[in-house]
Amino acid sequence: MTTEETIIMLSQIIDDYNALREPKYRHADIDILKRNYQLLMEMKPCQKENHSYENIVNAIAQTINKMSPKSNDWITVSERGINKAIPPVVRKKNHVIEFPFEWTDDKSGVVCFINDYWGARNYMVTDVVGYYLLLKEGKDLLPKDAAPIFNDMKSIATRESTISKNNNNAVSTNNLSMNDVDIQRIQNTRYNITFTDKDFRKNTSQNMSSNEIMNLLLETSRVEFKLVFPVRMWNGKKAKEQTYNMNFFSRLFEFGYVDKETRNDGVVQLREYYISFNTVLGEMFAHNLLSQSFDWLDNRFYNLPYNAQVFYRRFLLHNDYKSIQLKIETIRERLNLDDKNITNLRNTIERNILEPLVNQGLIDSYQKEKDGLYGLKYIIKRKNRNNDEPKLQN
């Protein structure tokens, strides 16, 4: 698909969408919208810097959300430590990021590092792999009781030291296509999972090809972190969040795959993935999940604009506050929004974050107020979030 072809197709999609009567979700054909959305995803490499492209992608995604059945039949879990500790670090036009990218943890003052890009789809991967880890540990059901891996901070430090000294503990990712020996090596690690492309699509509602899923898993697995990581520790019947300062860089997981279905022309249509949480960050991630430090998301969440997804994770998902006040500078910093034009920044926050969250029912409303010398602030209102476990369909 050439750039010229995408320009023509994009113009036609925008015209067709604008021609729909209001409210669009009552008059649109959802199959046509989904087909156009898929075409938009395919033309992304040619149009990703085009504001008209971004606007129509967000508009069609929100309309599809409104037309889709509002059901929690397919849900996933979202581990709290990842959402709290890792900021988004994304590619931006005319903005060079030097790696490792560093920032300072607000509470401890400790400098943290990440060595590659990280965004909404990488967070989504952590949700999926965490969900399947819990299903495996619970033997096809989510465990009802907490089963922590670590007893205290010292036990994490000991484990981190052991892993850092034992390079053989890591499953090699040099050859991602696995044979029986490779599969057995992953399955011999304590915390590992297996799932397919079909499983991934089911839990995310994303119409991604097998190659797109494989590349996203690879990209996510290759990012290394050195973090102040929140860890949920149990003391008898009570749990309290503490933080562990990582001493070494660590990936979240290692993985490989097996081709299961291939077309005559060589295109792989189905892969099976084998993932091992055999790193210190991976084991803290598994510990938190098994210690019940997670929140619930249904698969419609992943159709939100990327900034809306990240905002919800960073500010809202892990708490029950009915009213939250956020300064515009706080939002800018936590989401790494680098737009210096205050009008553009406000438009991004309101149109691509807050309004989509209202439309999907994740917040009830928002209002903005002047905050004295500190500029603008947003007051976000929502009903008390329901933390009860939703009905699951495995």
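As shown above, the structure is provided for reference.
Summary of the structure given here. Model, not experiment: these values are computed from the prediction. (Residues numbered from 1 in each chain as written. Predicted model: local features only at pLDDT ≥ 70, side-chain atom pairs only at ≥ 80, totals over all residues. Heavy atoms only, no water.)

Most of helix α13 (residues 306-316) sits inside the fold, with nine of its 11 residues counted as buried. All buried positions along α13 are accounted for by A308, Q309, V310, F311, Y312, R313, R314, F315 and L316. (Buried < 20%, exposed > 50% of the residue type's maximum accessible area, 1.4 Å probe, protein only. Helix = DSSP H or I, 4+ residues; strand = E, 2+ residues; numbered from the N terminus.)

Taken as a class, soluble globular proteins show a tendency for nonpolar side chains to be buried jointly. Judged by nonpolar contacts, the single largest core of 90 residues is most densely connected at L227 and F311. With 11 residues, the single largest contributor to this core is helix α7 (residues 120-137). Apart from the residues within four sequence positions on either side, F311 is in contact with L316, L326, I331, L335, I353, L354, L357 and I380. Listed in part, the 15 residues of the second largest apolar core include I13, I14, L33 and A61. (Core = buried A, V, L, I, M, F, W, Y, C linked by side-chain atoms within 4.5 Å. Contact = heavy atoms within 4.5 Å.)

Glancing now at helix α8 (residues 153-165). Under the 1.5 Å per step criterion, the end-to-end length of α8 is 19 Å for 13 residues, consistent within 8% with the ideal 18 Å. For α8, the full list of buried residues reads I156, E160 and I163. On an axial view of α8, the arc spanned by its buried residues comes to 65 degrees, and they lie on one face. Projecting away from the buried face of α8 at angles above 90 degrees are the exposed residues K154 and K165. In this fold, the buried residues of α8 make contact with β6 (228-235), β7 (238-245) and α12 (280-290). The residue sitting at the N-terminus of α8 and contributing the capping side-chain oxygen is D152; that oxygen lies 3.3 Å from the backbone nitrogen of K154. (Expected span 1.5 Å × (residues − 1). Arc of directions from axis to C-beta. Polar contact = N/O pair within 3.5 Å; in protein donor to acceptor, adjacent residues only side chain to side chain.)

This part covers the packing of helix α10 (residues 197-204) against helix α11 (residues 210-222). In a pair of packed helices, the angle between the axes and the distance between the axes together describe the arrangement. Between α10 and α11, the shortest axis-to-axis distance is 10 Å and the interhelical angle comes to 85 degrees. Overall, the two elements α10 and α11 adopt an arrangement that is roughly perpendicular. Here D197, F200 and R201 of α10 lie close against α11, whose contacting residues are S210, I213 and L216. Residues belonging to the contact of α10 with α11 are distributed by class as follows: three nonpolar, one polar and two charged. (Axes fitted to C-alpha atoms, helices over the stretch in contact; angles between N-to-C directions. Parallel < 35°, antiparallel > 145°, perpendicular 65-115°, else oblique. Nonpolar A, V, L, I, M, F, W, Y, C, P; charged D, E, K, R; others polar.)

The three strands lie next to each other as β4-β9-β8, forming an open sheet whose pairing is antiparallel. The two strands at the open ends of the sheet, each matched to only one other strand, are β4 (192-196) and β8 (254-262). Averaged over neighbouring strand pairs, the angle between their axes works out to 15 degrees when direction is ignored. Here five bridges tie β4 to strand β9 (residues 268-276), and the two strands are oriented antiparallel to one another. Opposite F195, over in β9, you have Y273 as the bridge partner. Helix-sheet contacts for α11 involve β4, β8 and β9, and the interaxial angle to β9 is about 20 degrees. (Pairing = 2+ DSSP bridges.)

This next bit is on the sheet that holds strand β5 (residues 225-226). Taken together, the three strands give an open sheet; going across it, the order is β2-β3-β5, and neighbouring strands pair in antiparallel fashion. Strands with a single pairing partner mark the edges of an open sheet, and in this sheet they are β2 (101-104) and β5.

This next bit is on the pattern of salt bridges. One pass over the full model with this rule turns up 16 salt bridges. The partner of D338 in a salt bridge is K92, with the nearest N and O atoms 3.9 Å apart. In this pair, D338 sits in the loop between α14 (328-334) and α15 (342-359) while K92 sits in the loop between α6 (80-85) and β2, placing the two residues 246 residues apart along the sequence. D338 sits in the partly exposed class, given a relative accessible area of 31%. (Salt bridge = Lys/Arg side-chain N within 4 Å of Asp/Glu carboxyl O.)

This brings us to the pairing of β8. Where β8 and β9 come together, eight bridges link them in antiparallel fashion. Note that in β9 the partner of E254 across the bridge is S276. Linking β8 to β9, which pair antiparallel, is a turn of five residues; within it G266 sits at a positive phi near 95 degrees.

Counting through the fold element by element, K237 comes out in the loop between β6 and β7. K237 gets classed as exposed once you look at its relative accessible area, which sits at 81%. Placed 91 residues apart in sequence, K237 and A146 show a C-alpha to C-alpha distance of 9.8 Å.

Let's shift gears to the environment of K202. By the secondary structure assignment, K202 is in helix α10. Taking C-alpha positions, K202 is 8.1 Å from N299, a pair spaced 97 residues apart along the chain.

Summarising the element assignment, N36 is placed in helix α3 (residues 30-42). Every residue in contact with N36, bar those within four places of it in the chain, is listed here: I13 and I60.

It is worth spelling out the environment of I193 at this point. Along the chain, I193 falls in strand β4. Residue I193 is classed as buried on the basis of its relative accessible area of 1%. Along the backbone, I193 and Q367 are 174 residues apart, and their C-alpha atoms lie at a distance of 43 Å.

Turning next to unusual backbone geometry. Going from F99 to P100, the amide bond is cis rather than trans, its omega being 0 degrees. In this structure, P100 sits in the loop between α6 and β2. In this structure, N336 is a non-glycine residue whose phi angle is positive, near 55 degrees. Here N336 shows up in the loop between α14 and α15.

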